[in-house]
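# Tertiary structure, described
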Amino acid sequence: VRHLLGIKNVSENDIQTILETATQFKEVINRPIKKVPSLRDITIANIFFENSTRTRLSFELAEKRLSADTISFSSSGSSVKKGETLLDTVNNILAMKVDMIVMRHSSPGAPHFLSQRIAANIVNAGDGTHEHPTQGLLDAFSMRENLGGDLTGKKIAIIGDITHSRVALSNIFCLQKLGAEIMVCGPSTLIPKYIRNLGVKVSHDVKSALQWCDVANVLRIQLERQQLKYFPSLREYSLYYGITRKMLDDLNRKIVLMHPGPINRGVELASDAADSGHSIILEQVQNGVAVRMAVLYLLAQQN
Ligand code: CP
């Protein structure tokens, strides 16, 4: 395997290997000396055509912890603004003797397009509404840590804007391979028709989804990918689907609350829920570094 383009075509065995390797790297980065020399001779370019905080910084940190040399590229402020193509941009970066590309792009399939045209390893850091494979992996890693290590038979509700999310698909592919049961929940306007073909349950009632699940993975309403006049409005969404601390407390049992970030506070999650004892949102961010170290390390081993 030369690239990580999505979770759809990654085997359960390879997912297990990535998660076990991430467990070892989590131990490393919790030590006083957090660095290992594993990628000392490797140069990685992080190329971002879309905004990011968590993914970009945790890839950069993962690369530094593995002793790789790194360069970073944002399309804003680059020669993309003068009309340079994606392929020309990447070929120019590779001419500087770069070995691996971590890329985020607004077009679904952009990393797949590149993977057929360049020799370097590619890691997809999110392609439009398609996949976000390292988020799927770090979510699975965080769920395993909080649910006793095995996701077989565990019930995961993915609640929110499924239509415009890349996290939803990577979560579904990853968690099903690990034996979990998935429900997607949201207004029908934000749940794509094809989702039923993936073997997931569909609900439009957030309270019953919370009652059903062991984990609620709450997704952001992606306003940047939607028409301005869509239904429901943010106010309506928060009224009918927003999750509050009271809703979690009323369950009278502990469920794990997750969100990939960034949170629209007061829309899909009230602050008192996001900051409650149910939430493992910052654990997810912490685990992102170890999981991305594992992905980069294992891809480099293939070369
Ligand atoms: N979860 C996630 O992809 O966050 P960023 O957009 O900040 O990278």
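Not measured: the values here are computed from a predicted model. (Residues numbered from 1 in each chain as written. Predicted model: local features only at pLDDT ≥ 70, side-chain atom pairs only at ≥ 80, totals over all residues.)

### As for the overall build of the protein
From N to C terminus, the protein includes 11 helices and nine strands. Compactness check: the protein gives a C-alpha radius of gyration of 19 Å against a globular reference of 19 Å for 303 residues, within 12% of the reference. Projecting the C-alpha coordinates of the protein onto the three principal axes gives extents of approximately 55 × 45 × 35 Å. Per-residue burial over the protein gives 44% buried out of 303 residues. Residue pairs in contact within the protein that sit at least 24 positions apart in sequence constitute 76% of those at least 6 positions apart. (Helix = DSSP H or I, 4+ residues; strand = E, 2+ residues; numbered from the N terminus. Rg over C-alpha atoms; globule rule 2.2 N^0.38 Å. Buried ≥ 20, exposed ≤ 12 C-beta atoms within 10 Å, placed from the backbone. Contact = placed C-beta atoms within 7 Å.)

### Observations regarding unusual backbone geometry
Trans is the common state for peptide bonds, and a negative phi is the common state for residues other than glycine. Cis geometry is adopted by the peptide bond preceding proline 262, which originates at glycine 261 and carries an omega value of -5°. Counting through the fold element by element, proline 262 comes out in the loop between strand S9 (256-258) and helix H10 (271-274). Unusually for a residue other than glycine, lysine 97 sits at a positive phi of about 65°. Note on placement: lysine 97 falls in the loop between helix H3 (86-94) and strand S3 (100-105). With a phi close to 60°, asparagine 252 is a non-glycine residue in the positive phi region. Examined against the element boundaries, asparagine 252 turns out to sit in the loop between helix H9 (245-249) and S9.

### Examining the domain arrangement of the protein
Accessible area lost upon the coming together of the parts serves often as the stated size of an interface. Looking at the assigned domains, one finds that the protein contains domain 1 (12-131 + 287-302) and domain 2 (133-284). Just the C-alpha atoms count here: the centres of domain 1 and domain 2 sit 26 Å apart. Looking at the side of domain 1 that touches domain 2, the elements with two or more residues in it are helix H1 (12-29), strand S4 (121-127) and helix H11 (281-302). Considering only residue class, the side of domain 1 that touches domain 2 consists of eight nonpolar, eight polar and five charged. (Domains from an automatic or database assignment. Nonpolar A, V, L, I, M, F, W, Y, C, P; charged D, E, K, R; others polar.)

### Some remarks on the pairing of strand S2 (residues 69-74)
A regular strand places its side chains on the two faces of the sheet in alternate fashion. Alignment of strand S1 (residues 43-48) against S2, held across six bridges, turns out to be parallel. Its bridge partner lying in S2, isoleucine 47 is registered against phenylalanine 73. (Pairing = 2+ DSSP bridges.)

### A look at the site of the ligand
All residues in the neighbourhood of the ligand are listed as Ser52, Thr53, Arg54, Thr55, Arg56, Gly126, His132, Gln135, Pro260, Gly261 and Pro262. The element contributing the most residues to the shell around the ligand is helix H2 (residues 54-65), with three residues. Among the residues making up the shell around the ligand, the classes are represented as two nonpolar, seven polar and two charged. Each of domain 1 (12-131 + 287-302) and domain 2 (133-284) gives at least three residues to the shell around the ligand. (Near = placed C-beta within 6 Å.)

### So, the sheet that holds strand S8 (residues 215-218)
Judged by pairing direction, the sheet is parallel, and its five strands sit side by side in the order S7-S6-S5-S8-S9 without closing on themselves. Of all the strands in the sheet, just strand S7 (201-203) and S9 have a single pairing partner and so form its edges. Taking the axes of each pair of neighbouring strands and ignoring which way they run, one obtains an average angle of 20° across the sheet. As judged from the five bridges shared by strand S5 (residues 155-159) and strand S6 (residues 181-185), these two strands associate in the parallel manner. Counterpart to isoleucine 158 in the pairing with S6 is valine 184. (Axes fitted to C-alpha atoms, helices over the stretch in contact; angles between N-to-C directions.)

### Focus on the sheet that holds S1
The strand order across the open sheet built from four strands is S2-S1-S3-S4, with neighbouring strands paired in parallel fashion. Strand pairing shows two members of the sheet lacking a second neighbour, S2 and S4, which therefore form its edges. On average, each strand axis in the sheet is inclined to that of its neighbour by 15°, with strand direction left out of account. Note: S3 against S4, five bridges, orientation parallel. When the bridges of S4 are listed, methionine 103 appears paired with asparagine 124.

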